[in-house]
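# Structural overview for review
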2 protein chains.
Amino acid sequence: MVTAIDPTATGFLFAENRSMPMHVGGLQLFKKPEGAGRGYVREMFEQMSDIDEVAPLFLKRPHRSVRTGGQWVWRPDEQFDIEHHVRHSALPKPGRIRELLELCGRLHGTRLARERPLWEAHVIEGLRDGRVAMYTKTHHALIDGVSAMRLLASVLSTDPDKRGMPAPWAAPPTSRPSREREAPELSELPVQALRTALGITAEAAGMPGALVKTLSKGLRNETSALSLYAPRTIINQKITGSRRFAAQDWPIERLRGIGKATGTTVNDVVLAMCSGAMRAYLLELDALPDQTLVSMVPVGLNATQSQIASAEGGNAVGAVMVQLATDLPDPARRLAAIHRSMKDGKEALSSMTPMQILAMSALGQAPAILAPMLRMQGIVRPPYNLIISNVPGPRSTHYWNGAQLVGTYPLSIPINGMALNITCTSYDGHMAFGLTGCRRTVPHLQRLLTHLDDELGHLEQAAGV
Amino acid sequence: MVTAIDPTATGFLFAENRSMPMHVGGLQLFKKPEGAGRGYVREMFEQMSDIDEVAPLFLKRPHRSVRTGGQWVWRPDEQFDIEHHVRHSALPKPGRIRELLELCGRLHGTRLARERPLWEAHVIEGLRDGRVAMYTKTHHALIDGVSAMRLLASVLSTDPDKRGMPAPWAAPPTSRPSREREAPELSELPVQALRTALGITAEAAGMPGALVKTLSKGLRNETSALSLYAPRTIINQKITGSRRFAAQDWPIERLRGIGKATGTTVNDVVLAMCSGAMRAYLLELDALPDQTLVSMVPVGLNATQSQIASAEGGNAVGAVMVQLATDLPDPARRLAAIHRSMKDGKEALSSMTPMQILAMSALGQAPAILAPMLRMQGIVRPPYNLIISNVPGPRSTHYWNGAQLVGTYPLSIPINGMALNITCTSYDGHMAFGLTGCRRTVPHLQRLLTHLDDELGHLEQAAGV
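Conventions adopted
- Note on numbering: residues in each chain are counted from 1, in written sequence order.
- Chain A is the first chain written and ligand 1 is the first ligand written, with later ones labelled in order.
- Only residues with pLDDT of at least 70 are given local features in this predicted model, and only at 80 or more are side-chain atom pairs given and counted; all residues enter the totals for whole chains, interfaces and linings.
- Hydrogen atoms and water are omitted, and side-chain values are computed over all heavy atoms in the structure.
- For helices the rule is a DSSP run of H or I covering at least 4 residues; for strands it is a run of E covering at least 2, with both sets numbered from the N terminus onward.
- The term polar contact refers here to a pair of N or O atoms within 3.5 Å; inside protein, the definition further demands a hydrogen-donor-capable atom paired with an acceptor-capable atom, and it admits residues adjacent in sequence only when both atoms are side-chain atoms.
- In this scheme Phe, Tyr and Trp rings, the latter by its six-membered ring, pair at centre separations within 6.5 Å, and the angle between planes marks the pair as stacked below 30 degrees, edge-to-face above 60, and tilted otherwise.
- Classification of residues uses two cut-offs on accessible area relative to the type maximum, computed with a 1.4 Å probe and protein chains only: under 20% is buried, over 50% is exposed, and between them is partly exposed.
- Any two strands are treated as partners once DSSP identifies two or more bridges connecting them.
- The rule for a salt bridge is simple: a side-chain nitrogen of Lys or Arg has to be within 4 Å of a carboxyl oxygen of Asp or Glu.
- Alignment of the copies relies on least squares applied to C-alpha atoms, considering only residues that score at least 70 for pLDDT in both.
- Here a residue-residue contact requires only that any non-hydrogen atoms of the pair lie within 4.5 Å.
- Two parts placed together each lose some accessible area under a 1.4 Å probe, and adding up what both lose gives the buried area.
- Patches here are clusters of residues that have more than 30% relative accessible area and form no salt bridge, with a 9 Å joining cutoff for like charges and a 5 Å cutoff for nonpolar side chains (Val, Leu, Ile, Met, Phe, Trp, Tyr).
- Under the convention used here, a 1.4 Å probe and the Shrake-Rupley method define accessible areas, while residue burial counts only the protein chains that appear.
- Charged residues are defined narrowly, with Lys and Arg counted positive, Asp and Glu counted negative, and His plus the chain ends left uncounted.
- Charge positions come from single atoms, namely NZ of Lys, CZ of Arg, CG of Asp or CD of Glu.

## Concerning the side chain of B:Ser19
Positionally, B:Ser19 belongs in the loop between helix H1 (7-15) and strand E2 (23-31). Side chain to side chain, B:Ser19 and A:Gln79 meet in a polar contact 3.2 Å long.

Given below as structure tokens:
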């Protein structure tokens, strides 16, 4: 049975090339349950791969031919081979996080073959601390990062003794615990579709004319509430297909402490950490621009604010352009400036027309699709330097068949002109930072972790906590 | 700089699809040198990947577009990324040969992406016996199995103390020890091109008319010296892209002992082992045909015999169709029948015209290319059931920067109608069998190893050695 591919997904398939693989990834770390035997990881792999039925989403592959009029359609994979999609891997010695991140970078830099369903999962052993890792990659035409996290959470449980839990790709979803019951705090975003945040860009892709018109008006009028411009930096270059991934987490309590002492939010502190880290990183490379870096930050909108049909009365995602204040040397002043910029942006958002919100959001959510449209309108200068998003995850400790999820880190999609992506995700009292970059355009990506850590310390010092 | 792709290579690119990846593979096992530290495998990986210049063969990728008139051409990869091609991997616990073969099967079942140069090498640690493995895959459009083995041998040395030896893909080859000096016994085949054995099919692909005419005449006239037909078996079906690989070696001395006692050659004993193993395997599955299985066996031809221009006065490869006598229950009678069939085939070959030899050889060397041509001529029944080839390797112990090569196993290309391929290679007193099959069409492929071992015992018993 052949089914149509929606315009956004088609956009991702067309935008993809060897330099820009269009898949999102996730890295999870699990702690083995007590009493786990030597063959535990193999058992876990078998539970992940030896399943009765795979969910339709994970069985379809894109196809186009003369008979489909050159259009992409979804087709079930008649030769579906679970052993191709779910893999048991191991890390080289000494099995540090470094080796794990290297493997993830390598896996994330290779495109998914379109002749098969567009996903892969690797159950990875060999971490010297005994934890088990799982790296998954799924094409953006199937799922977005927020939905991928939601899908994972839907197969987890807060009960360490629960067993018989399915793999995220197993069907039918009816046998799964409902999201409401198991993880009510998971996220304020709705679960209508697996590409929720992109419902918005599906529309955007359907009406590029009006969208680009609104957007370019805002971009050109630098004094309006929509005004945004960003300096060119080394991360705003053409990229290659090579990837580097860096990830680390910090206790949310530390971020909250700074927020409380300074009257800012946890998200402001996340942005301030990124800002300070980017400043230190670019200074070290002698590449810090005089003007501040601008970050696109996706934010949740309520229904009245958004008035967007695709949100179906639920919540939608908008985008705020935040001035990161990387031109200010003082951490406290940077944080204050970011807080103001974020507040201004949210206020501007609330005074925008639905079409303007749509335009802003689309710009953030699907830059790879929109970039060519913008170029046609003569908008070449990047309106922002990087995307920093913060995806809420489960707040309490979760388990998969007794294995405790101890960390979860998102891998995102660098694109031409935007060689670095920072995606944060909160889980069980920790804020995890996932940095995905083009290995050639963003040198020494892992140094940003040290800078993030330093900056957290500087912010604490400045806040007196 | 864009260069033309020869017709055979183009044939392999066109014949390739998701069910039939067209790459050959090699698995090598190395013993670490004495005193090797904990980081030895990483050092070896770095020696393999941290190289000054990559040979042009490994830098080009196939490309076609409207501007090339839809023709495939070679193009240098402007974004060449050695980290994509040379990888450091590890085996899951318990790190037995079984886990290694599973990994090789998985790697061998995935197509090489055409947007990059068509090769990959994996330096693999984690074997519990401490050995280091290397799996390489290279597209058949670049290299054939014999040449791949030759290329590997060209960077090895008989001197365990020698260091500074290059990776097989490093340039320039001028710095390499010449084949004559280092491995004079390696093989009787010439090194004119990297696809030597395929020089022949390059011609074949260039003149399909005459070729198919000669071939189909021979195939139809079952009483002629060219006559060949084979029963249908479970391995002669349409295949999928899933792969299983099994490999093991036995001392050549044991094979030679049987040969001496029975007046047969080592190659006859190899074929008898395969025959007995296939018989036992098919019996177990209740799928043994009444008629004997027929194997295509490539043999070396001298210049006078072949008279083929492409051989450039050197040697060329011909093909003999050997009746494997799988209908006979007695091992001794099977070996005798194989010996006769091989002798008949070689005699027939010597009485053939160059065109007939060319036809036979092409049939064996590039079945994936020829199959469509044959079908056009109404030849649907498989002329043979499987290919069993025996590629000579170095006879003495060889080293790579002090690491002793202790085993080398070839992975070949199953195609539609030919779901199993057996390729043997001799090295340092051992005969290695590499069995590559479609995982779905050839169930329990690894059982063939037990059957091969049993059959060797039966043959010894029958020969009274």
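On we go.
## Considerations on the packing of aromatic side chains
Per the counting criterion, the structure on display carries 6 aromatic pairs over all chains. Between A:Phe58 and A:Trp119, the aromatic rings sit 5.1 Å apart at their centres with planes inclined by 75 degrees, giving edge-to-face as the arrangement. With A:Phe58 in the loop between helix H2 (40-49) and strand E3 (60-63) and A:Trp119 in strand E6 (residues 119-125), this pair connects stretches of sequence that are 61 residues apart. Note on A:Phe58: relative accessible area 4%, which makes it buried. Between B:Trp250 and B:Phe433 the ring centres are 5.3 Å apart and the planes differ by 85 degrees, which places this aromatic pair in the edge-to-face class. Placement of the pair is B:Trp250 in strand E8 (residues 243-251) and B:Phe433 in strand E15 (residues 430-438), with a sequence separation of 183 residues. Three or more aromatic residues link up through ring pairs in this structure, and these residues are A:Phe58, A:Trp119 and A:Trp169.

## Digging into the sheet that holds E3(A)
All names here are of chain A. As summarised here, the arrangement of the 3 strands in space is E1-E4-E3, forming an open sheet in which the pairing is antiparallel. Strands with a single pairing partner mark the edges of an open sheet, and in this sheet they are strand E1 (3-4) and E3. Both E1 and strand E4 (residues 73-76) contribute to a ladder of 2 bridges, which runs antiparallel. Paired with Ala4 across the bridge in E4 is Val73.

## Some thoughts on the pattern of salt bridges
Residues and elements named next belong to chain B. What the rule picks out here adds up to 30 salt bridges over all chains. Measuring nitrogen to oxygen at the nearest pair gives 2.8 Å for the salt bridge that ties Arg114 to Glu16. One end of the pair, Arg114, is in the loop between helix H4 (97-108) and strand E6 (119-125); the other, Glu16, is in the loop between H1 and E2, with 98 residues separating them in the sequence. Pair check on accessibility: Arg114 and Glu16 agree, each one buried.

## A look at the relation of the copies chain A and chain B
Screw-axis analysis of chain A against chain B gives a translation of 0.0 Å along the axis, an RMSD of 0.0 Å, and a rotation angle of 180 degrees. With respect to symmetry, the two chain copies, as superposed, fit the operation of a two-fold axis. By C-alpha distance to the rotation axis, the residue of chain A lying nearest is A:Ala90, at 2.5 Å. Looking at the interface residues of chain A, 100% of them are also at the interface in chain B, so both copies use one shared face.

## Brief notes about the interface of chain A and chain B
Facing the 33 residues of chain A at the interface are 33 residues of chain B. Regarding the contact of chain A and chain B, the summed buried area is about 2900 Å², with carbon and sulfur atoms giving 31% of it. Per-residue buried area on chain A facing chain B is highest for A:Arg18, A:Gln79 and A:Arg106; these three make up 25% of the total on that side. Run the count over chain A and chain B and you get 12 salt bridges. Put simply, A:Asp81 and B:Arg440 hold a salt bridge, and the shortest N to O gap is 3.9 Å. In this assembly, chain A and chain B are joined by 22 residue pairs in polar contact (both at pLDDT 80 or more).

## Some points on a positive patch on the surface
A cluster of basic residues, A:Lys32, A:Arg38, A:Lys93, A:Arg128, B:Lys32, B:Arg38, B:Lys93 and B:Arg128, forms a positive patch at the surface. Structurally, B:Arg38 is set in the loop between E2 and helix H2 (40-49). Of the residues examined, B:Arg38 reaches a relative accessible area of 81% and is grouped as exposed.

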